Structure formats: C-alpha cells, structure tokens
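# Fold and contact review
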Amino acid sequence: MHALGQLLLVLVVGLTGGRGDPRDTLACSQGLTCRLLDTDVLCGTEPPGPRQELALARLRLEPALRCTEPTACAPCLEARVRLALPPATGTATESRLSVQPGTAGTEDSGDGGQWSPATGATRSQTNITGLLLLSGHTFASSRCVAVEVWAPLGPALRGRTVGWVIFRCFEAPLGSELHISAYMKSRGRQRLSQQQRVPDCSWPAAQDAVPQCQVPRLRVSPGQKEVVVEVEGAAVGHSYTLRLYHNHSHGTSGPGRVVTMQSSPMNYVLSADEVLPCLCLQVWPETQDPLRATLCPFSHDAEAWERLWAQSQLVLHIEGQVLTCSLSAPCDLLAELVPCWQPVPSGPCQPLPGLQQPARGKGPQEFGGLRPHPNLCVQVWSSGQVRLTQCLRDRALHGRPDDLLLLERGGNASLCAMERGACTPLASFTSRGAGHPGLLEQDLQRDVAVGQCQQLWHPLNRTGVVLWACPLHKYLRTRWALVWMGVLLGAACLLLLLLMKKEDMKGWLKSLRAGYGSCGPLQGRRALLVHAAEPVAERAACALMAALHSLGLTVVAAPGGGSGVAALGPLPWLHAQHHRALRDSDTIILLLSPAAVAAAQQWDAGARAVPESGAAESSLCPRHNPDPDDVPTVAPCEVFAAALSCAMPVLAVAQGHYVVARLEALVPAVPPALRAAPAFALPGEMERFLQALAGPARQRGRCLEPHVAAVAEALQRAVGE
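Please read all numbers here as calculations on a predicted model, not as lab measurements.

What counts as what
- Residues numbered from 1 in each chain as written.
- Predicted model: local features only at pLDDT ≥ 70, side-chain atom pairs only at ≥ 80, totals over all residues.
- Heavy atoms only, no water.
- Helix = DSSP H or I, 4+ residues; strand = E, 2+ residues; numbered from the N terminus.
- Buried < 20%, exposed > 50% of the residue type's maximum accessible area, 1.4 Å probe, protein only.
- Contact = heavy atoms within 4.5 Å.
- Areas by Shrake-Rupley, 256 points an atom, 1.4 Å probe, with all protein chains shown as cover.
- Disulfide = S-S within 2.5 Å.
- Core = buried A, V, L, I, M, F, W, Y, C linked by side-chain atoms within 4.5 Å.
- Axes fitted to C-alpha atoms, helices over the stretch in contact; angles between N-to-C directions.
- Parallel < 35°, antiparallel > 145°, perpendicular 65-115°, else oblique.
- Left-handed = near helix turned anticlockwise from the far one by under 90°.
- Pairing = 2+ DSSP bridges.
- pLDDT = per-residue confidence, 0-100.
- Phe/Tyr/Trp six-rings, centres within 6.5 Å; stacked < 30°, edge-to-face > 60°.
- Lys NZ or Arg CZ within 6 Å of the ring centre and 35° of its normal.

Okay, the overall build of the chain next. Secondary structure assignment for the chain yields 14 helices and 36 strands. The 721 residues of the chain split such that 44% are buried. For the chain, contacts bridging at least 24 residues in sequence account for 68% of all contacts bridging at least 6. Accessible surface computed for the chain: about 37,300 Å², of which carbon and sulfur atoms make up 54%.

Shown next as structure tokens:
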C-alpha cells in the first residue's frame, strides 16, 4: 500500500427524513478527487479514519434550488468544505511520500479556482485518500453523508489548503432552520458547525421557481347584482382553492366556503346580497405548504355596510327584574348600545345617562341592573347615527305615555324631569300642561318617598344618579276634569246670550259672514284716481289700479270712464264722479307726475282767464259758481286742471277724502296748492299710503304689511319703463 493516509469527511444535513435523494451532486476543486459513498448513513457507525489527517479549514453554506423543471424547484442549502494539509511532523514520512513533477495542487482563490468533476482527477500522482463525515439536524429529522476524497501530498503543500469539496444539496421546508456540521473521522475529530435558515418566498430566485411561492392574484369586479372574483396569474395545469369567509376579531366564522378551480379563466360569481364588510377571499395552489393570497376588498364599501345593518338584529330580554339585550350580526360592529326613554312611539328617545356601553356582539349584555319599563328602548349608535332601535312595548307591553322620568343625583334629594335632551328642575317644570311652575314638585317628591314611583336604575355604590318613573295620570285626570267643566259652563253662557239677543246676533252673524267672505284688506273701499294725460302717469295709474284691485279696492281713473264719458261728456262725467266720491266718503287720489305738477303750479301762480263759451265746454272744467271771477280756469285745460278746479274749493275742509301721491322719482316735492291734503312719496311711503286708503278703522292692523312690497314693486316697474 502507498504511503497515503486515508481521509474521511462526513457531511450531516437535516432533511425531512428518508433515504438520500438520487439528485444529490458532489463536486471538488482542481487537484482534488472526490466520490459520494452514501447519502444516508447512520451517524456514529462510520468506519475508523486514517492515521494521517486532513484539516477542516472552513465551512460555508449557500442557498440553492434543486429543479426538475424551470418552475418546479425546491429550496435547499449547498455545503462547501475547504480542506487543508496539516504541517509536517517528521522527515521519515515525507521521505516515503513523493510528488510527481508538475502535479502539485495550488491553493484556490475565492471559491477554489478551477473545478474538476468528482471522478475526473487522475490517481497516478502521490496523494492520500481520506473519508470525511458531515452531520446535520433539523427539529424533526437528521441526515448523514459520507464522502471519499483524494488529495495531493507533498512537502510544499504542508500547512496549506488544497481545495473545496461541494455537496449539493440539502433540502428543507421554506424558511426552516438547518444546522450543519462537518468533521473528520480521525483521532483529532475536528468539527466545524454552522446554522442557517432555508430561504423563504422573499428570495427572488424562489418566487418564480418554487411552486409554493407562485401565489396568484385576486381581482374583484363589483356589479349591481353580482360580484365577479377572478384569479389572475394562475399557472397552467395547476389547481387552486378559493375560500370565502367572514373575518372576525375573535377568529373566522368557521371554514367558510371552499371552491376548487382548475379551468381557465378562473372566475367565481358571488351574489351582491352576500357582500359584507367582513367578507374576505383567500386563494392558494394545491401544493404542499403553499402560500395564500388574502384579500378583504369590502371593508370600506358603503353599500356593504348598509347591507350589514339590514341583516343585523337587536333583541331585548327580560331576565327576572333586569333588562338585557343581544346584538347579532354577520360581522363585527363598531357600535354603542344606548338605553333611552320614549313615552310616545313616534316621539324622540331620551338617552339615559351613564348607561351607554360598547356592543360586544357575543351573548346578552346587561346595563348595570337596569330594570324593565314599557317606555324603555335600546338604540344602536354607529358613526353618529341611530342604526337600530328596539323597545319593550314591541314585546306586547302597553306603553305608559303619562309616566314621567325623574333623575335624582347621588347625595342630593333634588329631582329633575328628563325631557327633550335636558333635565328640568321640578320647581320650574310645566311640561304637558301639568300646571303652574312648582305645582307638581311636592306631589312627585311625596310619590318617590312613599314608593309610588318605580326605581329604574341606581349604581351599585350609590354614588351616581338614580332614575325614577313616576305616573302622572292621576294629576292629568283632575286637570282635564276642570277643563271640561269650564268648557261646558262657557257653552251654556253663550247659548243663553244667543237666546236673549236673537235679533242682534243675527246682525252680528251677517257682518261676521261678510267679513270672512272678503278677499282683501281693502275690501269694500272705493277710490277715484285722477292723473295727468301723459305716458308715465298713465303707466303708473294702470299699475297702481291693478295692484289696489288685488287688495279689494274699487278704483275709477280719470281720464277714463268708458261708456259713462261717451254718454255724458267729459266734464259732466268728471263732475258726477267727484260728487259721488264726496257723497259716499270715497277717497280721491291725486297722482302727481311732471304734467300734473305743471298744472298745479300754474294754478298756484294765479293764472286766470275767462274762456270762450265753446272753450269752457271743451276744457272739462266744471263751474261751481256762475260768476266768472269765482271759477278759475287753466289754459291749456286738461283733465288734471279740471280736477283741481273741482277739488280746490273743498280741499282744506274735506279731511280724509283727498290723498296726494307723488312719483318720488319724477316729482321732488308737492306744489303749495296741494299741501293741505296728506301727501305720500311713492313707492317709498307705500305702507303709509295703503293705511290712508284703508281708513282709520284698519290702520292699526298688520293685514297690509304682506302686500306693501308687491304694490311698491309693481309701481316701480311701471315708472322705470
């Protein structure tokens, strides 16, 4: 046998169990020859090692993939062991070992320099044969590998590294811990150990090659009646499992619905009625230990939340003398349970202080010993809104609308009534017409003291508030009896009065019926409107007549008259209208426009002329006296001048018959000749003008105020055209 030592190196790697994989590979750097003896030996039963030793210089682990197809790979760790020759111990051994010229190996750089196949090195040069052992463990299994190595031997190589031995590879589950040790089966039993985690799916090389890391994507397409769930990125030929479940804070609600999909495209149609905020989707490939893609796409869907509240249910329970409630819903609800007091079914519900609590959603919930009462309700509040309401009267209990809720503060005997969001002291309580302030205070305090009021709730430590429900029906019955007696007494007195003054009552009823039959605040009043014959005055007169007519005022305008002028002539018709207005106490309105002011100023200047008989007839000026000196005339004569001739003799003494209305936009002031009558600037003083037309009996009322703006606007629009 040659002067070669036998080297034994063992690699021990933890796997999932079983014999070694035939796909294991072994490689060594140039200058070394290695052979895989066994990939699954029993650690501790290996044969004894050689007398000469190889030293273990370094152990390095690197992640790798073992693939049968490009997309069917398994993660593993590749073990690299660097070997070295120990220093020389004597010259006797070295003299028997010779090195062939040019065959000595050199130390590799980096990863060992150039590599040769495990069986490709020649064994004709002087070398030593060694057996190496490796051991490794995981939490569930272990594995041992034996490797035979031939290394060159020479004086120049003593104490230097001779190359790398690479074993590929040792599989383990994704992300698991793998403990690897390398040692020599020799007298020294030198050992190198290292622990490293197998890469998981965050390793870029594993994401596209390891089936467990190829997780598909979920896309949700909502519609009006259904929702389509599509699995994207699914590998061809693989089956996938889709799970639909409700996600809860205390865990999922059962396994949910599981669907296996194989065909492409992989779509699943979900009814819109099943879409809730807690509905989640999960998909994974049907492989060992796969990753799962999870999506909860409806957590912020407003329609899903409305659907959840529609499917939620609030139920009240009476357990002995304690009120409890249960809130059931398919999903977790961020809500608050609020007990409240509701005497009338359609009325507001008054929250009870200190009894609000968050909804737990599992089993019945108590309210600190709150006792049942027909007027008690429980509301579910969420996001500032009342979502659900349940009352005890809905359980065939008759409500008590006459019961009053009283609050007594701890350590204080004062009582207050809880209504309309506030607590009113009984000293000033007048709700429901219960009487004058303080009328019920003593009665209710006595009822609370003698136990005629029901105690709804009180704190266990008796330091907070106490709630009482006191009936008011006995007080209300007494009050209504007095009211009915007063009504009957009043009806009897009225009947007696009718019988005593039957004729006067008939007249009063007639006037009352006439008053209710009117359709305007100026109904029954008449007026004569006199204006100048010019466009602006005619437009203003027409607008004013239409507006006053809607208030019930009968207005006759001059110039105008229709068939009356044609039958009598202008002057007699005007005289007749003026005489009738004075006789019937009607109002005569003198509307001042620029032409009317010119006529009044000419009259005021004292311009007098005795017209011809024909001119007098055509001037529309009536004569109050046959003496020419007493009948002033205006030239050129117009209707307004004729009206002045009629009005001037009686203007100062006919109080209440004449009203002067000037268009403030065209006439700055009233002429001196007309200042004896009340004057109003229109439309600015429209309210006072209407009150003058209504007469003294109606000036104090407010029935004209709603019509002032409309009449003023109509006149302003006519003057501005």
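Having seen the structure, we can now continue with the description.
This part is about the state of the cysteines. Where two cysteines share a covalent bond between their sulfur atoms, that bond is called a disulfide. The final tally for this structure, using the stated rule, is nine disulfides. Disulfide pairing places Cys377 opposite Cys391 at an S-S distance of 2.0 Å. The chirality of the disulfide connecting Cys377 with Cys391 is right-handed, given an S-S dihedral of about 105°. Residue Cys377 is found in strand S25 (residues 376-382), and its partner Cys391 is found in strand S26 (residues 385-391); the two are separated by 14 residues along the sequence. Note on accessibility: Cys377 and Cys391 belong to one class, buried. Two residues share a disulfide in this structure: Cys416 and Cys423, whose sulfurs sit 1.8 Å from each other. Judged by the sign of its S-S torsion, about 80°, the bond between Cys416 and Cys423 is right-handed. Classification of Cys423 by relative accessible area gives partly exposed; the value is 28%.

For the rest of this paragraph, the subject is the nonpolar core. Generally speaking, nonpolar side chains in soluble globular proteins are found buried as a group. Of all hydrophobic cores here, the largest spans 33 residues; its most connected members are Leu370 and Leu467. When near neighbours in sequence (up to four residues on either side) are disregarded, Leu467 contacts Leu352, Leu355, Leu405, Leu406, Leu407, Met418, Gln454, Gln455, Leu456 and Trp457.

Where helix H13 (residues 686-694) meets helix H14 (residues 705-720), the axes come as close as 9 Å, and the angle between the chain directions of the two elements is 110°. If you check the angle between H13 and H14, you find them roughly perpendicular. Of the two possible hands of crossing, H13 and H14 adopt the one that is right-handed. Residues Met686, Glu687 and Leu690 of H13 touch H14, and the partners they reach there are Glu705, Val708, Val711, Ala712 and Leu715.

Quick look at the sheet that holds strand S30 (residues 454-457) now. With antiparallel pairing, the five strands of this open sheet are ordered in space as S29-S28-S27-S31-S30. Both edges of this open sheet fall to strand S29 (422-425) and S30, since each of them pairs with a single strand only. Across the sheet, the mean angle from the axis of one strand to that of its neighbour is 40°, orientation sign disregarded.

Attention now moves to the confidence of the model for the chain. Per-chain confidence: the chain averages 74 in pLDDT, with 72% of residues scoring 70 or above. Here strand S1 (residues 7-12) is the element of the chain with the lowest mean pLDDT, 35, and S25 is the one with the highest, 94. With pLDDT under 50 throughout, residues 561-567 is counted as low confidence; its partners more than four residues away or in other chains account for six contacts. Counting interchain partners and residues more than four positions distant, the pLDDT-below-50 stretch residues 607-637 has 41 contacts.

To continue, consider the packing of aromatic side chains. Enumeration according to the criterion identifies two aromatic pairs in this entry. When the ring of Phe167 is compared with that of Phe170, the centres are 4.1 Å apart and the planes differ by 40°; the resulting orientation is tilted. Each ring, one from Phe680 and one from Phe689, has its centre 6.1 Å from the other, and the planes form 65°; the classification is edge-to-face. You'll find Phe680 and Phe689 in the same group, each marked buried. Here the basic side chain of Arg60 rests over the ring of Trp164, its NZ or CZ set 5.2 Å away from the ring centre. Against the face of Trp284 rests Arg292, its NZ or CZ located 3.7 Å from the ring centre.

What follows is about the pairing of strand S17 (residues 279-285). Among the seven residues of S17, seven are classified as buried, and the element is accordingly described as predominantly covered. The pairing of strand S14 (residues 240-246) with S17 spans seven bridges and is classified as antiparallel. Bridging across to S17, Tyr245 finds its partner in Cys280. In the sheet, S17 pairs with strand S18 (residues 293-295) via three bridges, with the strands oriented antiparallel. Looking at the pairing, Val283 lines up with Ala293 of S18.

Bringing the sheet that holds strand S34 (residues 587-592) into the picture now. An order of S33-S32-S34-S35-S36 is seen for the five strands of this open sheet, with the pairing classed as parallel. In this open sheet, the two edge strands, each paired with only one partner strand, are strand S33 (554-558) and strand S36 (679-682). Ignoring strand direction, the axes of neighbouring strands in this sheet form an average angle of 25°. Here strand S32 (residues 526-530) runs beside S34; their pairing, made up of four bridges, is parallel.

In this section: the environment of Ser142. In this fold, Ser142 is placed in strand S8 (residues 142-152). Residues Ser142 and His179 lie 37 residues apart in sequence; the distance between their C-alpha atoms is 9.4 Å.

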